Amino acid sequence: MDQTKLIQIAELFELQGTIAEIKPLGEGFINDTFIVRTHGQEPDYILQRKNHLIFTDVPAMMENIKAVTDHIKTKVADPERETLTVINTKDGKLYAEVDGNFWAVCTFIAGTSSYDRADSVELAYQGGVGIGRFQAQLADFTQPLKDILPGFHNIRFRFEQWDKVIAADPVGRVKEVQEEIEWVESRREEMLAFWSLVENGTIPTHVTHNDTKISNILFDKDSGKVLCAIDLDTVMSSTSLNDFGDAIRSYTNTGAEDDKCLENVSMSIDMFRAYAEGYLSEQKSLSESEKEWLAFSGRYITYEQVLRFLMDYIDGDNYYKVAYADHNLVRTRAQYKLLCSMEEQYEQMCAIVRELTR
Ligand code: ADP
Ligand code: GN1
Ligand code: MG
């Protein structure tokens, strides 16, 4: 997108200072993210085009983000740095609609680092602290949130989508991925059985983040300590386990999410321990059933991700951004390798959770 247009859009918001340049940032799969650099000492900003084909109610999503960040600001020592700050448009809205696209702005938090991979147990520990703290900060948040992506981590809903896509086979890919389809089918009952514990109330729901991969956390550049959870588009009611599981999928992977070399991919049990320690140092109110299923949540969300990447491949790559033709299939295989590694080490994962929650 050209600079002039981006600047025009950014100028719809209440920014301090004048804009020097706007550049793409990050590697999100859904939105388009830019950094708005301003002249001099004024803050920089994050400008995002929210994907309204996926987030079909951007105004409600922004209301959710505003409510949750306002709540967190009342709980922290440094409200400017310990959560996102949403910037209004000049006419007082939380988003701008331009040519059918939806844009939002928040303050860029300076002096921070973010990562695509966890390269040390210290970082994994800090990531766990970040999500444990985020959940604890929102434990007394009672305002109803809009269910922005209904069924997001609900595997029963995902199977409804899956069955339709497989039956439709819109681009004729089903025949080439029979083995991968079997990976998903062979675990269907096990995953549904787990989800039925959420449906019958054995596992409770809370306000959670729902997209806890490492790139959605900011760390303080000087101290290395976690600062805050960002990318709050998916904040809604779900299970605490989903946040833990998605983070385990991300932090413990010894390879990349889309590694072509499957030998690189496995679950690091040391990273698992470090993340769990950090998480449990802040999240003190898990129920017995949540503790019992905590380790399993890593398998659950990794499985869900195998399904979602494969489903998008079969569907013709409509959901996730792809960099090349079979990217979603590469992602599927790498996530499946990770899932198998978790299955192999499951007893150890459970033992660590038992030790840490005793
Ligand atoms: P996407 O939906 O594209 O994943 P994110 O909100 O996760 O967008 O932002 C992408 C990246 O931009 C993050 O991983 C982080 O490096 C950086 N970033 C996002 N928001 C901020 C912020 N408020 N302050 C500093 N860096 C940020
Ligand atoms: C997407 O938007 P981003 O890149 O943070 C996706 C997550 C997936 C993740 C896989 C709204 O996250 O659910 O786990 O890709 N977000 C949405 O990397 O679908
Ligand atoms: Mg992100």
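Keep in mind that this is a model prediction, so the values were computed, not measured. (Residues numbered from 1 in each chain as written. Chains lettered and ligands numbered in written order. Predicted model: local features only at pLDDT ≥ 70, side-chain atom pairs only at ≥ 80, totals over all residues. Heavy atoms only, no water.)

Undergrad: Hey, could you run me through the overall build of the protein chain in this one?
TA: In terms of regular secondary structure, the protein chain is built from 11 helices and 11 strands. The C-alpha radius of gyration of the protein chain comes to 20 Å, within 12% of the 21 Å expected for a compact globule of 358 residues. Expressed as lengths along the three principal axes of its C-alpha atoms, the size of the protein chain is roughly 55 × 50 × 40 Å. For the protein chain, the residues scored as buried account for 56% of the 358 residues in total. For the protein chain, restricting intrachain contacts to residue pairs at least 6 apart in sequence, the fraction spanning at least 24 positions comes to 73%. Accessible surface computed for the protein chain: about 15500 Å², of which carbon and sulfur atoms make up 49%. (Helix = DSSP H or I, 4+ residues; strand = E, 2+ residues; numbered from the N terminus. Rg over C-alpha atoms; globule rule 2.2 N^0.38 Å. Buried < 20%, exposed > 50% of the residue type's maximum accessible area, 1.4 Å probe, protein only. Contact = heavy atoms within 4.5 Å. Areas by Shrake-Rupley, 256 points an atom, 1.4 Å probe, with all protein chains shown as cover.)

Undergrad: Got a minute to help me understand the domain arrangement of the protein chain in this structure?
TA: Under the domain assignment used here, the protein chain contains domain 1 (3-110) and domain 2 (121-356). On the domain 2 side, the residues contacting the 25 residues of domain 1 number 27 residues. Here domain 1 packs against domain 2, burying approximately 2400 Å² in sum over the two surfaces, 63% of which is carbon and sulfur. The largest contributions to the domain 1 side of the interface with domain 2 come from Phe 29, Asn 64 and Val 68, which together make up 28% of the buried area. Here domain 1 is connected to domain 2 by five salt bridges. Note that Lys 146 is salt-bridged to Asp 57, the shortest N-O span being 3.1 Å. (Domains from an automatic or database assignment. Buried area = accessible area lost by both parts, 1.4 Å probe. Salt bridge = Lys/Arg side-chain N within 4 Å of Asp/Glu carboxyl O.)

Undergrad: Whenever I open this one, the side chain of Asp 259 confuses me. Can you help?
TA: The topology assignment puts Asp 259 in the loop between helix H7 (240-251) and helix H8 (269-282). Arg 117 is the oppositely charged side chain nearest to the buried, salt-bridge-free Asp 259, at an N-O distance of 4.8 Å. Within the local environment of Asp 259, its side chain forms a polar contact with the backbone nitrogen of Cys 261, the two atoms lying 3.2 Å apart. Here Asn 264 takes part through its side chain, which lies 3.1 Å from a polar atom of the side chain of Asp 259. Aside from chain neighbours lying at most four places away, what touches Asp 259 is Asn 264, Val 265, Val 330 and Ala 334. (Lys, Arg positive; Asp, Glu negative; His and termini not counted. Polar contact = N/O pair within 3.5 Å; in protein donor to acceptor, adjacent residues only side chain to side chain.)

Undergrad: Whenever I open this one, the coordination of the magnesium ion (ligand 3) confuses me. Can you help?
TA: Metal coordination angles have textbook ideals: 109.5 degrees for a tetrahedral set of four donors and 90 or 180 degrees for an octahedral set of six. Bound to the magnesium ion (ligand 3) on the protein side are Asn 216 (OD1) and Asp 231 (OD), at distances that span 2.2 Å. Of this pair, Asn 216 sits in the loop between strand S8 (206-208) and strand S9 (217-220) while Asp 231 sits in the loop between strand S10 (226-229) and strand S11 (236-238), placing them 15 residues apart in sequence. (Donors = N, O, S within 2.8 Å, 3.2 Å for Na, K, Ca; no water.)

Undergrad: Sorry, what's going on with the site of ligand 1 here?
TA: Taken together, 18 residues lie near ligand 1, and Thr 33, Gln 48, Ile 109, Ser 114 and Ser 215 sit nearest. One of the side-chain nitrogen or oxygen atoms of Asn 31 is found 3.4 Å away from an oxygen atom of ligand 1. Between ligand 1 and Thr 33, the relevant distance is 2.7 Å, taken from an oxygen atom to a side-chain nitrogen or oxygen of the residue. In the complex, 91% of the free accessible area of ligand 1, which totals 550 Å², lies under the protein chains. Elements with a minimum of two residues in the shell around ligand 1: strand S3 (45-50) and strand S6 (101-107). Of the residues assigned to the shell around ligand 1, the class counts are eight nonpolar, nine polar and one charged. Two domains share the shell around ligand 1, each providing at least three of its residues, namely domain 1 (3-110) and domain 2 (121-356). (Near = heavy atom within 4 Å. Nonpolar A, V, L, I, M, F, W, Y, C, P; charged D, E, K, R; others polar.)

Undergrad: In this structure, what is going on with the site of ligand 2? I would like to understand it.
TA: Taken together, 17 residues form the shell around ligand 2, and within it Asp 211, Lys 213, Glu 257, Gln 305 and Tyr 319 come nearest. Here an oxygen atom of ligand 2 and a side-chain polar atom of Lys 213 are 2.8 Å apart. Within the side chain of Tyr 319, an N or O atom sits 2.5 Å from an oxygen atom of ligand 2. Residues belonging to the shell around ligand 2 are distributed by class as follows: seven nonpolar, four polar and six charged. The two domains that each donate at least three residues to the shell around ligand 2 are domain 1 (3-110) and domain 2 (121-356).

Undergrad: Honestly, the packing of aromatic side chains in this entry has me stumped. Any pointers?
TA: The relative placement of two aromatic rings is captured by the distance of their centres and the angle of their planes. Taken as a whole, this structure holds 19 aromatic pairs when the rule is applied. An angle of 85° between the planes, with centres 6.0 Å apart, marks the rings of Phe 244 and Phe 272 as edge-to-face. Here the residue Phe 244 occupies a position in helix H7, and Phe 272 occupies one in helix H8, the gap between them amounting to 28 residues. Here the two residues Phe 244 and Phe 272 agree in accessibility, since each one is buried. A centroid spacing of 5.1 Å and a plane angle of 55° characterise the contact between Phe 244 and Tyr 279, whose relative ring orientation is tilted. Of this pair, Phe 244 sits in helix H7 while Tyr 279 sits in helix H8, and the two are 35 residues apart along the sequence. In terms of burial, Phe 244 and Tyr 279 fall into one category: buried. Grouped by ring-pair contacts, the aromatic residues Phe 194, Trp 195, Trp 293, Phe 296, Tyr 300 and Tyr 346 constitute a single cluster. Looking at Lys 93, its charged tip hangs above the ring of Tyr 95, at a distance of 5.7 Å from the centre. (Phe/Tyr/Trp six-rings, centres within 6.5 Å; stacked < 30°, edge-to-face > 60°. Lys NZ or Arg CZ within 6 Å of the ring centre and 35° of its normal.)

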